[in-house]
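# Structural characterization, general
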Amino acid sequence: MTATLIRNADVIVTMDGARRELSGASVLVENGAITALGQGLTAPDAEIIDASGCVVTPGLVNTHHHMYQSLTRAVPGGQDALLFGWLRTLYPIWARYTPQDFHLSTQLALAELALSGCSMSSDHLYLYPNGAKLDDTIHAAADIGLRFHATRGAMSIGESDGGLPPDTLVEDETAILDDCIRVVDRFHDARPDAMVRVGLAPCSSFSVSRALMRDAALLARDKGVMLHTHLAENDEDIAYSLAQFGCRPGQYAQDLGWTGADVWHAHCVKLDESEIHLFAKSLTGVAHCPCSNCRLGSGIAPVRPMRDAGVRVGLGVDGSASNDAGDLMAEARQAMLMQRVARGADAMSAREALEIATLGGATVLGRADALGSLEPGKRADIAIWDLRGLQAAGAWDPVAALVLCGPHRVRHLLVEGRQVVRDGQLTGIDASALATAARSATARLMAG
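Just so you know, these numbers come straight off a predicted model, no measurement behind them.

For His124, the position within the fold is in strand β7 (residues 118-125). Judged by relative accessible area, which is 1%, His124 ranks as buried. Side-chain polar atoms of His124 contact the backbone oxygen of Ala201, separated by 2.8 Å. When residues no more than four places from it in sequence are discounted, the contact partners of His124 are His64, His65, His66, Tyr68, Thr151, Gly153, Ala201, Pro202, Cys203, His228, Thr229 and His230.

This is the structure in structure tokens:
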């Protein structure tokens, strides 16, 4: 691979141990890795990217998404509902999806994320109608070029057994575990530079059995992969846990083996003090989804207490049917603002929000050894933001400006040293053709 020299950046935000910010500096990339940072770097045979007027950051990391939902944004009947009502509105639509819909919606979601500076994303796919497989989304990710953490989700308890989803969307638990083994064996890559990793992700306490949760944890540890699910998302979620299991979600998770550095939970809006302590002590991660939490009226997650206690926290855009956007820098801004609403104007700084969006996310996904900061030896996932446009005009502090005012569209994005976005345009796919295909698929779904 040809070397790349990102030259003369106004500021490089390293997110290294000292959180250094380097002025007038450059980054040298060779064979997918960062080999040098600093002033005055030269590389005679390298491709040059002029970063004058730009801020350079690590690529952003998205720790929770349901990419298939990208074809069901702003659905009437679900726009003003709480979580359970919103799900009941959308389940029948998702039941009509084809394998091509899953491929297309994943392309759309990842394209949107890439343009917002995201270089690595997880995806939680927990329903598989009409012959769909996790494979459909993994192949789509290769088209865009982002690092992809595909999680094999599942639902096994339908309405007739007291669960929330319709019976037509649940699977047999033996078949679920067999397919988990298949996708891990076929796709999971444990190397530091991996482009694809696979996790196991039964959907939620109200859609799978305790036995499946326990078996999934045992299987994940046997295979050396991570675990992911929804937890403590809103008051309905807490009430269900108390009524069905006689305990709060944190105790439910701990009893079933769902705490540890190889586990991350989405939302956690309603964690109490004891659950925060449990997650901090066990190194359990949290995917904070502020925009979705606002959209569904779930509440304000206790991110400040989590961070103060030492809980690993990353950001997630959540599904595009509950956000309804995939802009990770906007998510960082919202995270900062919500903590300030709840706890005062000094509750979270713009730089801390940016840290959660980069190094925080890489830590939650178990990738901080190779990603999440710009340091020699780490992989070259790099976002370059041009602050010479209208959005940042008048900004005194260019780093804070990224979160406070923008831009929220990246100028260049490198993943493993390859340009996924160049001059604000996707390099691996025709964005206009993708949007046209998505509109056509949405029209078909709307027609029933």
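Now that the structure is up, let's keep going.
What follows covers the pattern of salt bridges. Taken as a whole, this structure holds 28 salt bridges when the rule is applied. Residues Glu355 and Arg19 are paired through a salt bridge, measuring 3.1 Å at the closest nitrogen-oxygen approach. Of this pair, Glu355 sits in helix α12 (residues 350-364) while Arg19 sits in the loop between β1 (4-13) and β2 (21-30), placing them 336 residues apart in sequence. Each of Arg19, Arg304, Arg307, Asp308, Glu352 and Glu355 takes part in salt bridges that share partners, so that together they form one network.

Cis rather than trans, the peptide bond between Asn323 and Asp324 has omega equal to 5 degrees. Put simply, Gly406 and Pro407 share a cis peptide bond, and its omega is 10 degrees. Turning to its location among the elements, Pro407 is positioned in the loop between α13 (398-404) and β15 (412-415). Residue Met15 is not a glycine yet carries a positive backbone phi of 55 degrees. Residue placement: Met15 occurs in the loop between β1 and β2. In this structure, Ala74 takes a positive phi of about 50 degrees despite not being glycine. Looking at the element boundaries, Ala74 is found in the loop between β6 (60-62) and α1 (83-94). A residue is classified by how much of its surface remains accessible, and Ala74, at 44% relative accessible area, is partly exposed.

With that out of the way, let us pick up helix α6 (residues 235-245). Among all positions in α6, only Asp237, Ile238, Tyr240 and Ser241 are buried. Down the axis, α6 shows its buried residues gathered within 160 degrees of arc, on one side only. Exposed residues pointing more than 90 degrees away from the buried face of α6 are listed as Asp235 and Ala243. As for α6, its buried residues are in contact with β10 (227-231) and α7 (249-255).

What follows is about the pairing of strand β14 (residues 382-386). Along β14, four of the five residues are buried, which leaves the element largely enclosed by surrounding structure. One ladder, built from five bridges, connects strand β5 (residues 54-58) with β14; its direction is antiparallel. Residue pairing in the sheet places Cys54 in a bridge with Asp386 of β14. Pairing of β14 with β15 involves three bridges; the strand directions are antiparallel. By the bridge assignment, Ile384 is partnered in β15 with His412.

Take the packing of aromatic side chains next. Here the structure, examined in full by the defined rule, presents 11 aromatic pairs. Pairing Tyr240 with Phe245 gives two aromatic rings, centres 6.1 Å apart and planes at 70 degrees, and the pair type is edge-to-face. Phe245 gets classed as partly exposed once you look at its relative accessible area, which sits at 22%. One aromatic cluster in this structure is built from Tyr68, Trp86, Tyr91, Trp94, Tyr97, Phe102 and Tyr126. One Lys or Arg, Arg152, reaches over the ring of Tyr128 and ends 4.2 Å from the middle of that ring.

What counts and what doesn't
- Throughout, a residue's number is its position along its own chain's written sequence, starting from 1.
- Whole-chain, interface and lining totals are the exception, using all residues; otherwise, since this is a predicted model, local features are given only for residues with pLDDT of at least 70 and side-chain atom pairs are given and counted only at 80 or more.
- Calculated side-chain values reflect all of the structure's heavy atoms, with hydrogen atoms and water omitted.
- Strands here are runs of E lasting at least two residues and helices are runs of H or I lasting at least four, both read from the DSSP assignment and numbered beginning at the N terminus.
- Burial classes follow relative accessibility: with a 1.4 Å probe on protein chains only, a residue under 20% of its type's maximum area counts as buried, one over 50% as exposed, and anything between as partly exposed.
- Pairs of N or O atoms within 3.5 Å make up the polar contacts considered here, provided that, within protein, one atom can donate a hydrogen while the other can accept it, and that residues adjacent in sequence are counted only when both atoms are side-chain atoms.
- Note on definitions: a residue-residue contact is assigned when non-hydrogen atoms from the two residues lie within 4.5 Å.
- Note on definitions: salt bridges are taken to be side-chain nitrogens of Lys or Arg within 4 Å of carboxyl oxygens of Asp or Glu.
- The directions from the helix axis to the C-beta atoms are what the arc is built from.
- At least two DSSP bridges between two strands are needed for those strands to be called paired.
- Pairing of aromatic rings covers Phe, Tyr and Trp, the last through its six-membered ring, and needs centres within 6.5 Å; plane angles under 30 degrees mean stacked, over 60 mean edge-to-face, and all others mean tilted.
- For a Lys NZ or an Arg CZ to count as sitting over a ring, it must be within 6 Å of the ring centre and within 35 degrees of the ring normal.

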